[in-house]
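Residue strings, one per chain:
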Amino acid sequence: MSESEWREFPTVVVYVAGLDCLNERGMMYAEFLQRKEVKKVKLVETERESHVFHVLYPKPETTGLLQRRMSEFMKDN
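Residues numbered from 1 in each chain as written. Predicted model: local features only at pLDDT ≥ 70, side-chain atom pairs only at ≥ 80, totals over all residues. Heavy atoms only, no water.

Peer 1: Whenever I open this one, the overall build of the protein chain confuses me. Can you help?
Peer 2: The secondary structure content of the protein chain amounts to four helices and two strands. When the helices and strands of the protein chain are read in sequence order from the N terminus, they spell out α-β-α-β-α-α. A principal-axis box enclosing the C-alpha atoms of the protein chain has dimensions of 40 × 30 × 15 Å. Classification of the 77 residues of the protein chain by burial places 26% in the buried group. For the protein chain, the share of sequence-separated contacts (at least 6 apart) that also reach a separation of at least 24 residues comes to 66%. Total accessible area on the protein chain is roughly 5,900 Å²; 53% of this is exposed by carbon and sulfur atoms. Charge centroids of the protein chain, computed over 12 positive and 13 negative side chains, lie 4 Å from each other. (Helix = DSSP H or I, 4+ residues; strand = E, 2+ residues; numbered from the N terminus. Buried < 20%, exposed > 50% of the residue type's maximum accessible area, 1.4 Å probe, protein only. Contact = heavy atoms within 4.5 Å. Areas by Shrake-Rupley, 256 points an atom, 1.4 Å probe, with all protein chains shown as cover. Lys, Arg positive; Asp, Glu negative; His and termini not counted. Charge placed at Lys NZ, Arg CZ, Asp CG, Glu CD.)

Here is the structure:
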């Protein structure tokens, strides 16, 4: 993609779990998008949670918070 195409990229939110084995990759992806000057990139980290915690443990407050944040993002964008 050209530099101008990156600047037209839609708003992106990257969710990472603090204990996820892919945590670093998620952070690297958010940083990559920021370097490409994507208009808005938001990184949300849920500490003390592991990979796909929201699927494995649907009841805890952290899952509810993640779901609300996802819902707000979809409504706003």
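The rest of the description comes next.
Peer 1: How should a nonpolar patch on the surface be read in this particular structure?
Peer 2: Together, Val52, Val55, Leu56 and Tyr57 line one region of the surface with nonpolar side chains, adding up to about 380 Å² of accessible area. Positionally, Val55 belongs in helix H3 (residues 53–56). A relative accessible area of 57% means that Val55 is categorised as exposed. (Patch = residues over 30% accessible without salt bridge, like charges linked within 9 Å, V, L, I, M, F, W, Y side chains within 5 Å. Salt bridge = Lys/Arg side-chain N within 4 Å of Asp/Glu carboxyl O.)

Peer 1: For this particular structure, what's the right way to read the packing of aromatic side chains?
Peer 2: When we look at a pair of aromatic rings, we describe it by the centre distance and by the angle of the planes. Applying the stated criterion across every chain yields a total of two aromatic pairs. Geometrically, the ring pair formed by Trp6 and Phe9 is tilted, given 5.3 Å between the ring centres and 40° between the ring planes. Under the relative-accessibility criterion, Trp6 is labelled buried at 12%. Residue Phe9 is classed as partly exposed on the basis of its relative accessible area of 23%. For the pair Trp6 and Phe32, a centre-to-centre distance of 5.4 Å together with 90° between the ring planes defines the contact as edge-to-face. (Phe/Tyr/Trp six-rings, centres within 6.5 Å; stacked < 30°, edge-to-face > 60°.)

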